[in-house]
Amino acid sequence: THRTATHEVYPSEWFFLKDLLVEGMTILDIGCAAGGFASITGEHLVRFEYTGVDISSEMIQRAQQRYPRHQFFIVGEADLSALGTRQFDLVLCLGVLHLNRQWRQLIRAAWEHTSRTFLLDLRETHLPSIEDDGVAYFKMTPPPSEAGRQGVLPYNIINSAEALKTLLESCSGLAKLRHYGYIG
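Only a predicted model underlies this, so the values are computations on that prediction, with no experimental measurement involved.

Moving on, we get to the overall build of the protein chain. Counting its regular elements, the protein chain contains five helices and nine strands. By the compact-globule yardstick of 16 Å for 184 residues, the protein chain fits well, its C-alpha radius of gyration being 16 Å. By principal-axis analysis of the C-alpha atoms, the protein chain measures approximately 45 × 45 × 35 Å. Summarising the internal contacts of the protein chain: among those between residues at least 6 apart in sequence, 65% fall at separations of at least 24. Only carbon and sulfur atoms are counted for the fraction: they give 54% of the accessible area of the protein chain, which is about 10,100 Å². Taking the average location of the 17 positive side-chain charges in the protein chain and that of its 21 negative ones, the two points are 2 Å from each other.

Written out as structure tokens, the structure reads:
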């Protein structure tokens, strides 16, 4: 029910996103939840193709009901094979990587579907990385239909130099890299 309007987009996301939206573009939203970015994009564009993927079948079902003109797929963690070889003008991976045990693999998989721009966020630090869900974690209550799923996710906090190294190694042919951050 949240993040379905531009005013609900984080300033750090809008900093880049506002300049990336172009009529007729194709968008892949990784970790789309209920597809709210389809609505956000629709506030600014008339013609666009939006595809959302998520690991939650319940979220994908909600997205399909709310936004029937767009495509949605249930995927495994860091597995975007359901998309085949499709490429997208803009690939969004927002609010996902810090909660994903396979965040490096997901970056590589997302990059393979990027024809122009890949917008992602990481939780970064100047200190050593934390990728241990015994130390930093996020507790969530899975939807009733997914009661068997684990309710504790990692909360990855990645050293900035390691994050840069991962991006450079994972994104072959990367032509430009912009970084925006804040302490929080």
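Having seen it, we continue.
Within the open sheet, the five strands sit side by side as β3-β2-β1-β4-β5. Their pairing is parallel. Among the strands making up the open sheet, the edge pair consists of β3 (71–74) and β5 (114–120). Strand after strand, the sheet turns through a mean of 20 degrees between neighbouring axes, direction not considered. As paired strands, strand β1 (residues 25–30) and strand β2 (residues 48–54) are joined by six bridges and run parallel to one another. Its bridge partner being in β2, D29 is matched across the sheet by G52. Along the sheet, helix α4 (residues 103–112) contacts β1, β4 (88–93) and β5; its crossing angle with β5, the most-contacted strand, is approximately 145 degrees.

A word on the state of the cysteines. Inspection of every chain in the model, using the stated rule, returns zero disulfides. Cysteine C32 remains unbridged, with the sulfur of C93 as its closest cysteine sulfur at 11 Å. With relative accessibility at 5%, the residue C32 sits in the buried group. Free of any disulfide, C93 has its nearest neighbouring cysteine sulfur in C171, separated by 11 Å.

What follows concerns the pattern of salt bridges. All chains considered together, the criterion is met by nine salt bridges. Residue R86 pairs with E49 through a salt bridge whose shortest N-O separation is 4.0 Å. Remark: E49 occurs in strand β2 and R86 occurs in the loop between β3 and β4; sequence separation between them is 37 residues. Of the charged contacts in the structure, one is a salt bridge between R101 and D133, with a shortest N-O distance of 2.6 Å. Here the residue R101 occupies a position in the loop between β4 and α4, and D133 occupies one in the loop between β6 (124–125) and β7 (137–139), the gap between them amounting to 32 residues. Its relative accessible area of 42% is what places R101 among the partly exposed residues. Where salt bridges share partners, they join R104, E131 and E162 into one cluster.

Moving on, we get to the packing of α4 against helix α5 (residues 160–170). Their axes nearest at 9 Å, the elements α4 and α5 cross at an angle of 40 degrees. The angle between α4 and α5 falls in the class oblique. The way α4 lies across α5 gives a crossing that is right-handed. Between α4 and α5, the residues in contact are W103, R104, I107, R108 and W111 and E162, T166, L167 and S170, respectively.

How each quantity is defined
- Residues numbered from 1 in each chain as written.
- Predicted model: local features only at pLDDT ≥ 70, side-chain atom pairs only at ≥ 80, totals over all residues.
- Heavy atoms only, no water.
- Helix = DSSP H or I, 4+ residues; strand = E, 2+ residues; numbered from the N terminus.
- Rg over C-alpha atoms; globule rule 2.2 N^0.38 Å.
- Contact = heavy atoms within 4.5 Å.
- Areas by Shrake-Rupley, 256 points an atom, 1.4 Å probe, with all protein chains shown as cover.
- Lys, Arg positive; Asp, Glu negative; His and termini not counted.
- Charge placed at Lys NZ, Arg CZ, Asp CG, Glu CD.
- Pairing = 2+ DSSP bridges.
- Axes fitted to C-alpha atoms, helices over the stretch in contact; angles between N-to-C directions.
- Disulfide = S-S within 2.5 Å.
- Buried < 20%, exposed > 50% of the residue type's maximum accessible area, 1.4 Å probe, protein only.
- Salt bridge = Lys/Arg side-chain N within 4 Å of Asp/Glu carboxyl O.
- Parallel < 35°, antiparallel > 145°, perpendicular 65-115°, else oblique.
- Left-handed = near helix turned anticlockwise from the far one by under 90°.

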